[in-house]
Amino acid sequence: MDCFTCRQTSAGTTLPPRERIAEDDHWRVAHSFDSALPGWLVLLPRRHVTAIADLTDAEAATLGTWQVRLSRALREVTGCVKTYVIQMAERNGFAHVHFHIVPRMADLPPDHRGPQIFRYLAQPSLAQVPDDEKDRLARAIAAHLALPT
């Protein structure tokens, strides 16, 4: 099986901060690698799964908690007014279930809101958030997640 997400997850602690913002036994959090929008997070099951219905009860039990915690961290770190939580897993090469946790900034242009937020993905490398900025955001988000709730 050739799965980008599984290859990344198997790299473990050798991944840069942007690829391992946080994790537990079931989930890993990364910054989107090809986004032009700072703070675009991806919540990924640690095992290979291609449909939400195939999540284990243990994975499902923590899914909502992760989504809320990441949304709160994004609000604190980026100042976003809300987050979008999106799951499709249909892009070629990315059938591994994953959830986009996307900061919706107050000044986001109206023609980039809602489903049009995907205009920020699959951007040419010059338009993407630089790796050092992704790492800075990753560290700030990880620090916020470490705070007591």
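**Regarding the environment of leucine 121**
So, point 1. By the secondary structure assignment, leucine 121 is in the loop between strand S5 (99-104) and helix H3 (131-146).
So, point 2. Classification of leucine 121 by relative accessible area gives buried; the value is 11%.
So, point 3. Taking the C-alpha atoms as reference points, leucine 121 and leucine 37, 84 residues apart in sequence, are found 7.9 Å from one another.

**Side note on the pairing of strand S3 (residues 41-45)**
So, point 1. Among the five residues in S3, five count as buried, and that is most of the element.
So, point 2. A two-sided burial pattern is seen for S3, the buried positions comprising Leu41, Leu43 and Pro45 on one face and Val42 and Leu44 on the other.
So, point 3. Inspection of the sheet shows S3 paired to S5 by three bridges, in the antiparallel sense. Within S5, the residue paired with leucine 43 across the bridge is phenylalanine 99.

**Observations regarding the sheet that holds strand S4 (residues 82-86)**
So, point 1. The five strands are arranged S1-S2-S3-S5-S4 in an open sheet whose pairing can be described as antiparallel. Strands at the two margins of the open sheet, each flanked by one partner only, are strand S1 (22-23) and S4.
So, point 2. Bridging between S4 and S5 involves five bridges; their strand directions are antiparallel. Bridge pairing in S5 links lysine 82 to arginine 104.
So, point 3. The strands touched by helix H2 (residues 57-78) are S1, strand S2 (27-31), S3, S4 and S5; relative to S5, the strand with the most contacts, the crossing angle is about 25 degrees.

**Let's talk about the packing of H2 against H3**
So, point 1. Running from amino to carboxyl end, H2 crosses H3 at an angle of 120 degrees, the nearest separation of the two axes being 9 Å. Our classification of the angle between H2 and H3 gives oblique. Every pair of crossing elements has a handedness; the one defined by H2 and H3 is right-handed. Every residue of H3 that contacts H2 at Trp66, Arg69, Leu70, Arg72, Ala73, Leu74, Glu76 and Val77 is listed here: Leu137, Ala140, Ile141, His144 and Leu145.
So, point 2. Grouping the constituent residues of the contact of H2 with H3 by class yields nine nonpolar, one polar and three charged.

**A closer look at the nonpolar core**
So, point 1. The biggest cluster of nonpolar side chains holds 20 residues, and the ones touching the most others in it are Val29, Leu41, Leu43, Trp66, Leu70 and Leu145.
So, point 2. Breaking this core down by element, the ones donating at least two residues are S2, S3, H2, S5 and H3.
So, point 3. In terms of residue count, the dominant contributor to this core is H2 (five residues).
So, point 4. Excluding its chain neighbours within four sequence positions, the residues that come into contact with leucine 70 are Val29, Leu41, Leu43, Ile101 and Leu145.

What counts as what
- Residues numbered from 1 in each chain as written.
- Predicted model: local features only at pLDDT ≥ 70, side-chain atom pairs only at ≥ 80, totals over all residues.
- Heavy atoms only, no water.
- Helix = DSSP H or I, 4+ residues; strand = E, 2+ residues; numbered from the N terminus.
- Buried < 20%, exposed > 50% of the residue type's maximum accessible area, 1.4 Å probe, protein only.
- Pairing = 2+ DSSP bridges.
- Contact = heavy atoms within 4.5 Å.
- Axes fitted to C-alpha atoms, helices over the stretch in contact; angles between N-to-C directions.
- Parallel < 35°, antiparallel > 145°, perpendicular 65-115°, else oblique.
- Left-handed = near helix turned anticlockwise from the far one by under 90°.
- Nonpolar A, V, L, I, M, F, W, Y, C, P; charged D, E, K, R; others polar.
- Core = buried A, V, L, I, M, F, W, Y, C linked by side-chain atoms within 4.5 Å.

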